[in-house]
Amino acid sequence: MGLLDELYQSAVLQHSRHPRNAGVPERYDVAVPGVNPGCGDELTLYVALDGDVLEQVAFEGSGCAISQASASLMTEVVKGGTMDHALALAEDFKAMIRGEEPAERLGETRALRGVAKLHARVKCATLAWVTLEEALAQARRQDTESA
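As the structure is a computational prediction, the values presented were derived from the model and not from experiment.

For any two helices packed against each other, the geometry is given by the interaxial angle and the distance between the axes. Between helix 2 (residues 65–78) and helix 4 (residues 122–146), whose axes approach to 7 Å, the crossing angle comes to 40°. Judged by the angle between their axes, helix 2 and helix 4 are oblique. Once helix 2 is placed against helix 4, the crossing between them reads as right-handed. Residues Ile-66, Ser-67, Ser-70, Ala-71, Met-74, Val-77 and Val-78 of helix 2 lie in contact with helix 4, whose contacting residues are Cys-124, Ala-125, Ala-128, Trp-129 and Leu-132. Its residues assigned to classes, the contact of helix 2 with helix 4 shows 10 nonpolar, two polar and no charged.

Here the structure, examined in full by the defined rule, presents nine salt bridges. With a shortest N-O distance of 2.5 Å, Arg-105 and Asp-92 are connected by a salt bridge. In this pair, Arg-105 is assigned in the loop between helix 3 (83–97) and helix 4 and Asp-92 in helix 3, connecting sequence segments 13 residues apart. In this structure, Arg-141 and Glu-134 form a salt bridge, with 3.0 Å as the shortest nitrogen-oxygen distance. One salt-bridge network, in which partners are shared between bridges, spans Arg-27, Asp-29 and Glu-55.

This paragraph deals with the packing of helix 3 against helix 4. Put simply, helix 3 and helix 4 touch, their axes get as near as 10 Å, and they point 155° apart. Comparing the axis directions of helix 3 and helix 4 gives the class roughly antiparallel. Note that helix 3 runs across helix 4; the crossing there is left-handed. Contact residues: Met-83, Asp-84, Ala-86, Leu-87, Leu-89, Ala-90, Glu-91, Phe-93, Lys-94 and Ile-97 in helix 3; Val-122, Ala-125, Thr-126, Trp-129, Leu-132, Glu-133, Leu-136, Ala-139 and Arg-140 in helix 4. Partitioning the contact of helix 3 with helix 4 into residue classes produces 13 nonpolar, one polar and five charged.

Assignment of secondary structure puts Thr-44 in strand 2 (residues 41–50). Placed 72 residues apart in sequence, Thr-44 and Ala-116 show a C-alpha to C-alpha distance of 24 Å. Not counting residues within four places of it along the chain, the set of residues in contact with Thr-44 comprises Ala-31, Val-32, Pro-33, Ala-58, Phe-59 and Glu-60.

Along its 25 residues, helix 4 runs 36 Å from first to last C-alpha, staying within 8% of the 36 Å computed at 1.5 Å per residue. Of all the bends in helix 4, the greatest measures close to 35° and is centred on Ala-128. Residues Cys-124, Ala-125, Thr-126, Leu-127, Ala-128, Trp-129, Thr-131, Leu-132, Glu-133, Ala-135, Leu-136 and Ala-139 constitute the buried set of helix 4. Where the residues of helix 4 are buried, they touch strand 1 (30–36), strand 2, strand 3 (53–62), helix 2 and helix 3.

Attention now moves to the pairing of strand 1. Only one face of strand 1 is covered, namely the one carrying Val-30, Val-32, Gly-34 and Asn-36; the face carrying Ala-31, Pro-33 and Val-35 has none of its residues buried. By the bridge criterion, seven bridges tie strand 1 to strand 2 in an arrangement that is antiparallel. By the bridge assignment, Asn-36 is partnered in strand 2 with Asp-41.

Procedures and definitions
- Each chain carries its own residue numbering, running from 1 in the direction its sequence is written.
- The predicted nature of this model means local features are confined to residues of pLDDT at least 70 and side-chain atom pairs, given and counted, to a pLDDT of 80 or more, with totals for whole chains, interfaces and linings taken over all residues.
- Each side-chain value is worked out from all heavy atoms of the structure, with water and hydrogens disregarded.
- Only the contacting stretch of a helix is used when fitting its axis, a line to C-alpha atoms as for every element, and angles between N-to-C directions run 0 to 180 degrees.
- Runs of H or I in DSSP of at least four residues are treated as helices and runs of E of at least two as strands, each being numbered from the N terminus.
- For classification purposes, an angle smaller than 35 degrees is called roughly parallel, one larger than 145 roughly antiparallel, one from 65 to 115 roughly perpendicular, and anything else oblique.
- Note on convention: the crossing is left-handed when the near helix lies turned anticlockwise from the far helix by less than a right angle, right-handed when the turn is clockwise.
- In what follows, residue pairs with any heavy atoms lying within 4.5 Å of each other are defined as contacts.
- Each residue gets one of three labels, nonpolar for Ala, Val, Leu, Ile, Met, Phe, Trp, Tyr, Cys and Pro, charged for Asp, Glu, Lys and Arg, and polar for the others, Gly among them.
- One side-chain nitrogen of Lys or Arg within 4 Å of one carboxyl oxygen of Asp or Glu is enough to make a salt bridge.
- By this rule the span expected of a helix is its residue count minus one, scaled by 1.5 Å.
- Bend, at a single residue, is the angle you get between axes fitted to the 7 residues ending at that residue and the 7 residues starting at it.
- Here's how the labels work: a residue is buried when its accessible area is under 20% of the maximum for its type, exposed when over 50%, partly exposed in between, all with a 1.4 Å probe on protein chains only.
- A strand pair is defined by DSSP finding two or more bridges across the two strands.

As structure tokens, then:
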């Protein structure tokens, strides 16, 4: 195993054992559940918005190391960005998991690029990202309805 692979593996282990942004935040605008029945992964994603900016992104739940690491990494990379930027990152992440070259802007989430070779784990890795897309769609619907 090369040094870069070891570093990426270390990042995944670190995020799965000590996930960032885990727990229910004090304030959130949307809370969306996500489930991967194939592996038993479950999470609820919480997003607090300040206009179009993801002010807070957190999650709670349980699952395999890949799903937990992916959720942790995802919250770190999208927090503080706009909704459109977060959706673009979700597309980049899903493309990476399909085997495409990872976009630089994915940052540390590129640690999960090896999942592309583990077809049974693709849903584990994408669960948080798909849930994020649903959360942002729900937030936009709520904003439209209140306008």
